[in-house]
Amino acid sequence: MMLPKATPREELLTNLRAAYARMWVRLRGSNREVTGLVAEIGLPILTIGAYVILYRAIGLPPTAGAAVIIGGAMIAFWTNVLWNMSSQWFWERESGNLEMYLVAPVSRMSVLLGMAMGGSVNTSIRALGIVLLGIFVFQVPFQLADPLSVGLVFVLTLVALYTMGMLFASIFMLYGREAWNTASLLQEPVYFLSGAYFPRIYAPVVPFALQAAGSLIPMTIGLDAIRRLAINGEGVAAVWPHILALIACTLILFPLARRALNYMESLGKKEGRLTLRWQ
Amino acid sequence: MKRDLSIETKSLRRLFKGIPGKGDVVALDQVDLEVHDDEIFGLLGPNGAGKTTLIKILCTLLLPTEGQALIKGMDVVKRASQIRRIINLVSGGETPGYGILSVKENLWFFSQLYGLPRDFAKDRISKLVDQLELQDYLNTRMSKLSTGYKQRLNLARGFVNDPAVLFLDEPTLGLDVLSARHLRTLVKDWIRTGGKTVLLTTHYMAEADQMCDRVGIINRGKVLACDTPQRLKTKVTGGATWKIEITPSLSELESVKSIPGVIGLSTTDNIETGVTTLKLVLEEESIMSDLLSKIRENGSKVLNLGKSEPTLEDVYISLVGTGME
Ligand SMILES: Nc1ncnc2c1ncn2[C@@H]1O[C@H](COP(=O)(O)OP(=O)(O)OP(=O)(O)O)[C@@H](O)[C@H]1O
Ligand SMILES: [Mg+2]
């Protein structure tokens, strides 16, 4: 008995369903536990609040607070990409789920896409919380001349960021001996280099070129663009290079992610590394 | 001729990198296997024999080192994505899924990996939930289920895409007696729906005897015998199976095993009574006198001696050499 091949339409539908289900699982799972919700939204707000109060106390202008609020909101996505996207296959392998994804007729890309969508929805809620905190509790001044561009830059940043997460996911799986350590290693330096917690525009502790090169993540680019748009009240003309850079990032990262995933899978199948335990 | 073959392997070989300096581990060696439509095929063999390795290759999770493996005539290496649509795998002792999600949610999630439309998935899930008697736990989080119920969920997941070829790697591991029996009935009923094939591994000989149309006995990566349980029993043991009860236990098992003509030997100790039961497969009955004197030399007393009906376990013992426990 030979089986007919699935039509491209059927294949697409299956992959979309899988991506949606993975997103749903992510949202369902993380929002079910109250402690998780508090940890994800409540705790980062405390850190950022502390910075805002500190900058106010040492007499920096209120826009410094605004810069930190945006920085905190954006860095939340990086944390999410690291702890949930990049280390995803690693954890799935540990829990025995990876095999179930691999025997299923879906692209690994769509599973990761679902994870990314779930993660970015969740994190957006958290980021919104941080921004509202800034506006209503600390009354930091935002100056929005071009809200549409803010939206555009924000979306482009997320797309580039999560594509990077997909690339990391395969690398982490095979080489991240302890995903925990690898993620930590990428977390702290990026916090520092991206200047997320510094009032960058007014006190350039870390110059932008160094930030972008040092952290090498799309988030730094997006962060700088959004600060210009939402704090300085600049228009889209000021952030063209950022927009192009973000698009370029995605265009480079996406095929890389695909290849890395395929490579990861075939290497895993060759060396028997797709499962930790065998019976 | 190939048309009704569900699973076929041709000189299949799989190596793993061993400990540095000790050479490669040969997990599968020249395995030729044919499993037909509507067949439940059992793989028996000691730990490390290569059973899981074979299943993983057939499930497209592992590449063969040499040789070929086909599912419904499709090569597992070249046509993996097509094969994945029609197979599923359940490994006992593993509990895939998300602990924070309920039984129903987990099943829905897995159904989506096969792209089942919403209502269709719902129907199938409620049927599976009935069949596996999971009704009372529908909304229970997976992390709160007992081992046996987790395994039932795992099995329900295996049926979620109604696979044409189902791989069960020690499916009754951790199930109580009744649940295991229930599962065996379920699989047998399912195979009767037609066009299905099951390949399972188990360490329970009685289970294989009861369930499988044919069994293959595998050791150190080689298939030693492959036939119906009944034919294996007559063929391999030749009917000369003996059961001897002694006390106290033998201090030197090896000396008995090394008597020429002893094909297989397994022992079970009854700790309460202090009686040890030896099951032996002998080449000829004349060996018995040598055997009895060796037992006496060992300082053990023979309490009982008799011929026994050959079981699949005897077949296994005579082929693999030692008891399973
Ligand atoms: N991923 C792997 N990497 C290295 N060696 C492996 C791997 N998987 C299996 N092996 C080795 O291959 C051999 C066969 O293992 P396999 O898991 O197939 O045995 P099995 O028959 O399923 O045993 P059990 O009854 O214990 O489940 C063993 O020597 C094992 O150590
Ligand atoms: Mg095994």
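In this numbering scheme, every chain counts its residues from 1 along its sequence in written order. Chain labels run from A onward and ligand labels from 1 onward, assigned in the order the entries are written. Two thresholds apply to this predicted model, a pLDDT of at least 70 for residue-level local features and 80 or more for giving and counting side-chain atom pairs, whereas whole-chain, interface and lining totals are computed over all residues. Hydrogens and water molecules were not included; the side-chain quantities draw on all heavy atoms of the structure.

Participant: Describe the domain arrangement of chain B, with residues and values.
Facilitator: Each domain span listed reflects an automatic or database assignment of domains. Here chain B is described as being made up of domain 1 (5-228) and domain 2 (240-309). The C-alpha-based centres of domain 1 of chain B and domain 2 of chain B are spaced at 37 Å.

Participant: With reference to specific residues and values, describe the interface of chain B and chain A.
Facilitator: In this complex, chain B contributes 46 residues to the contact, which on the side of chain A involves 42 residues. Summing both sides of the interface, chain B and chain A together bury roughly 3,900 Å²; the carbon and sulfur share of this comes to 56%. By the criterion of area lost to chain A, the three top residues of chain B are Leu61, Arg84 and Leu113 of chain B, representing 16% of everything that side buries. Here a salt bridge means any side-chain nitrogen of Lys or Arg lying within 4 Å of a carboxyl oxygen belonging to Asp or Glu. One can count three salt bridges joining chain B with chain A. Between lysine 56 of chain B and glutamate 99 of chain A there is a salt bridge whose closest N-O contact spans 3.2 Å. Pairs of N or O atoms within 3.5 Å make up the polar contacts considered here, provided that, within protein, one atom can donate a hydrogen while the other can accept it, and that residues adjacent in sequence are counted only when both atoms are side-chain atoms. Linking chain B to chain A there are 13 residue pairs in polar contact (both at pLDDT 80 or more). Those elements giving two or more residues to the side of chain B that touches chain A turn out to be β1 (5-16), α1 (51-58), α2 (80-86), β6 (87-91) and α3 (103-112) of chain B. The nonpolar class holds Ala, Val, Leu, Ile, Met, Phe, Trp, Tyr, Cys and Pro. Asp, Glu, Lys and Arg form the charged class, and all remaining residues, Gly among them, are polar. Within the side of chain B that touches chain A, the residues separate by chemical class into 20 nonpolar, 14 polar and 12 charged. Two residues form a contact once any of their heavy atoms are found within 4.5 Å. What counts as buried area is the accessible surface, traced by a 1.4 Å probe, that two parts surrender upon association, with contributions from both included. Strands are runs of DSSP state E lasting at least two residues, helices are runs of H or I lasting at least four, and both sets are numbered from the N terminus onward.

Participant: Can you tell me about the packing of aromatic side chains, naming the residues and giving the values?
Facilitator: Residue and element names in this part refer to chain A. Working definition: a ring pair exists when centres of Phe, Tyr or Trp rings (six-membered ring for Trp) sit within 6.5 Å. Plane angles under 30 degrees give stacked, over 60 give edge-to-face, the rest tilted. Counting across every chain of the model gives 12 aromatic pairs over all chains. With centroids separated by 6.5 Å and ring planes inclined at 75°, the aromatic side chains of tryptophan 78 and phenylalanine 168 adopt a geometry described as edge-to-face. Within this pair, whereas tryptophan 78 is found in helix α3 (residues 62-86), its partner phenylalanine 168 is found in helix α7 (residues 147-175), the two being separated by 90 residues in sequence. Both residues of the pair, tryptophan 78 and phenylalanine 168, count as buried. Taken together, a centroid distance of 5.9 Å and an interplanar angle of 65° make the contact between tryptophan 89 and tyrosine 101 edge-to-face. Only protein chains enter the area calculation, which uses a 1.4 Å probe; residues under 20% of their type maximum are buried, those over 50% are exposed, and those in between are partly exposed.

Participant: Explain helix α6 (residues 108-137) of chain A to me, and be specific about the residues and the numbers.
Facilitator: Since the α-helix packs 3.6 residues into each turn, any two residues three or four apart lie on the same face. Residue and element names in this part refer to chain A. Helix span is expected to be 1.5 Å times the residue number reduced by one. Here α6 is 30 residues long and its end C-alpha atoms lie 43 Å apart, about the 44 Å a rise of 1.5 Å per residue gives. Measuring from the side-chain oxygen of the N-cap residue of α6 to the backbone nitrogen of methionine 109 gives 2.9 Å; that N-cap residue is serine 107. Two residues or fewer past α6, glutamine 139 is found with a positive phi of approximately 50°.

Participant: Which residues make up the sheet that holds strand β14 (residues 301-307) of chain B, and what values do they have?
Facilitator: All names here are of chain B. In space, the four strands of this open sheet follow the order β12-β13-β11-β14, with antiparallel pairing throughout. Two strands lie at the open edges of the sheet, namely β12 (262-270) and β14, each paired on one side alone. Recorded for the sheet is a direction-independent mean angle of 20° between the axes of neighbouring strands. Looking at chain direction, β12 and strand β13 (residues 275-282) are connected through eight bridges and run antiparallel. By the bridge assignment for β13, aspartate 269 is matched with threonine 276. Simply put, an axis is a line fit to the C-alpha atoms, just over the touching stretch for a helix, and the angle between two N-to-C directions goes from 0 to 180 degrees. Docked against the sheet, helix α10 (residues 287-297) engages β11 (241-247), β12, β13 and β14, running at close to 15° with respect to β11. The pairing criterion for strands is at least two bridges between them, as found by DSSP.

Participant: Lay out the pattern of salt bridges in plain terms, naming residues and giving numbers.
Facilitator: Residue and element names in this part refer to chain B. Applying the stated criterion across every chain, the model contains 19 salt bridges over all chains. Ionic pairing is found between glutamate 39 and arginine 214, a salt bridge with its closest N-O pair at 2.6 Å. A residue pair is termed long-range when its members are at least 10 positions apart, and glutamate 39 in the loop between β2 (25-36) and β3 (40-44) and arginine 214 in strand β9 (residues 214-219) qualify at 175 residues. Accessibility classification places glutamate 39 together with arginine 214 in one group, the buried group. Here the salt bridges do not stand alone but share partners, grouping Arg13, Asp29, Glu66 and Lys222 into one network.

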